[in-house]
Amino acid sequence: MAGVYQRRVRQENLKRVIRFIHRHGATNRLTIANALNLGLSTVTNLVAELEKEGLIREEGRGESLGGRKPAILSFDKEWGWVVAVKIGARRVHVGLANLNGELKAKKVEFLQSQDPPVVVHQICRLVSLILGEYPPQRIIGMGVCCPGIIDPRRGEVLKAVNLHWENVPLREMLAVHFPWPVFVENSLDTGALGEKWFGGARDVQDLLYINVGNGVGAGIISHGELLEGYQHAAGEFGHTSIDLSGPPCPCGNRGCVELYVSAPALVKKAQIYVEQGGQTLIRELLNGGTQELTCEVIDRAARLGDGFALHLWEEAGKVLGRAIANLVNLLDPEIVVIGGGLSLAHPIFLQSVTSAIWEITASLHRRKVEVRRAFFGRDSGLVGAAALTVERIFA
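Figured I'd write up the structure that's included with this text. Keep in mind that what you see is a predicted model, and the values were worked out from it rather than measured.

So, how was this worked out
Residues numbered from 1 in each chain as written. Predicted model: local features only at pLDDT ≥ 70, side-chain atom pairs only at ≥ 80, totals over all residues. Heavy atoms only, no water. Pairing = 2+ DSSP bridges. Helix = DSSP H or I, 4+ residues; strand = E, 2+ residues; numbered from the N terminus. Axes fitted to C-alpha atoms, helices over the stretch in contact; angles between N-to-C directions. Expected span 1.5 Å × (residues − 1). Buried < 20%, exposed > 50% of the residue type's maximum accessible area, 1.4 Å probe, protein only. Contact = heavy atoms within 4.5 Å. Core = buried A, V, L, I, M, F, W, Y, C linked by side-chain atoms within 4.5 Å.

## Section: the sheet that holds strand 8 (residues 156–160)
- Strands sit in the order 7-8-9 across an open sheet of 3 strands; the sheet is antiparallel. This sheet does not close on itself; its edge strands, each paired only once, are strand 7 (149–151) and strand 9 (165–168). Between one strand axis and the next, the sheet turns by 15° as a mean value, whatever way the strands run.
- Where strand 8 and strand 9 come together, 3 bridges link them in antiparallel fashion. Bridge assignment links V157 to a residue of strand 9, and that residue is V168.

## Describing helix 4 (residues 116–133)
- For helix 4, with 18 residues, the first-to-last C-alpha span of 26 Å sits near the 26 Å given by 1.5 Å per residue.
- Along helix 4, the residues classified as buried are P116, V119, V120, Q122, I123, C124, L126, V127 and I130.
- Where helix 4 is buried, its residues touch strand 3 (81–87), strand 4 (91–98), strand 5 (103–110), strand 6 (139–146), strand 9 and helix 5 (170–175).

## Points about the side chain of D299
- In this structure, D299 sits in helix 10 (residues 295–303).
- Once residues lying within four places of it in the same chain are set aside, the contact partners of D299 are W313, L344, A345 and H346.

## Considerations on the sheet that holds strand 3
- Read across the sheet, 5 strands follow the order 5-4-3-6-10 without closing on themselves; strand pairing throughout is mixed. Edge positions in the sheet fall to strand 5 and strand 10 (182–186), since each of these pairs with one other strand and no more. Here the strands of the sheet are splayed against their neighbours by 15° on average, with no regard to which way each runs.
- Across the face of the sheet, helix 6 (residues 187–197) comes into contact with strand 6 and strand 10 while running at roughly 100° to strand 10.

## Here's the deal with the nonpolar core
- Grouped together as the largest cluster of nonpolar side chains are 46 residues, with contacts concentrated most on V17, I32, L55, L99, L207 and F394.
- If you tally residues by element for this core, the top one is helix 13 (residues 380–394), at 8 residues.
- When near neighbours in sequence (up to four residues on either side) are disregarded, L207 contacts A192, E195, A201, G219, I220, I221, P333, I335 and V337.
- Among the nonpolar cores identified, the runner-up in size contains 45 residues, and L312, L350, V369 and V371 belong to it.

Here is the structure:
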């Protein structure tokens with residue numbers, strides 16, 4: 001039993017050393033020992049093992065503190081690559097990334113169908129195409145993010161409203177096609193992991209990641225750990241009601257957040273306004289009906305100074321900000337990160353979100369919570385899926 005315990009402790013310490021070097025960059029053995037409260041001889045032995053595996057390498061000598069110059073250690077981000085997959089309501093994204101979340105290649109297609117076997121087949125085809133173009137030396141795993149309620153331990157999609165999925169054994173369906181481990185997680189949680197591992201929140205312990213696109217949701221990191229919930233449903237922020245007498249939602253609730261601030265909600269409002277003869281540049285940008293009305297069109301109109309489009313983004317930002325403020329008051333995060341397609345809209349949207357959050361939380365918080373756009377923009381989903389694999393293997 002003592003031998004088993006010692007091996008477990010050693011494996012945990014190896015992961016701690018890897019995480020420290022990965023997150024802090026170039027460092028030395030003494031700094032690691034002090035930061036992790038480990039003996040210098042222990043760290044020396046752990047580093048030797050990681051150097052032998054090729055995960056860590058020495059890169060010259062640092063400044064002397066009175067004795068021998070310490071060897072500088074760095075993490076080899078190219079030691080292995082990960083396959084990253086993002087499944088959305090309309091599109092599937094597949095990418096290849098190194099251990100720092102830097103994308104080497106990516107492909108995006110519209111879903112051929114929402115039928116799970118068809119989606120799996122499409123993913124396999126895209127992975128084969130990418131690996132044919134960019135054959136890596138070593139793949140350590142595949143991270144898959146998907147909307148909905150996920151059981152990450154079983155890799156099962158318990159419920160994904162926008163995909164019309166229930167009890168889909170996604171990891172099992174994918175694993176038979178690949179020789180490496182497959183990890184499946186909610187796309188909101190992977191968004192938070194991407195910011196934590198690779199983005200602008202590496203040293204943040206309490207993070208609120210809000211994704212705004214075809215749906216709305218939250219990924220929550222509390223005390224450095226993902227908050228998943230007892231039934232894996234934590235973060236279903238888009239399906240919290242802000243108007244009990246509001247329109248019905250496919251989830252069965254009424255007046256859900258995403259009925260007011262998601263991409264489909266904004267497109268619907270714009271469509272009604274255009275059909276009613278409202279004055280807006282959106283009509284001209286549709287080219288007489290030959291162009292599909294999307295949030296990209298609404299954004300283009302706003303950037304051209306269209307009053308209606310600007311008002312639409314501003315009001316959506318206010319609604320979202322007020323809803324997020326409830327989470328800020330509940331969870332007290334250090335940073336709120338806004339991701340998803342709508343986060344890239346006209347700046348008035350993020351400004352309105354931020355102003356509403358600050359206005360409502362001012363009385364309970366001594367300082368304003370920091371609100372920022374997701375670090376990786378449109379690639380946040382894929383980078384988050386890559387972070388999922390790194391998290392599962394090295395954390």
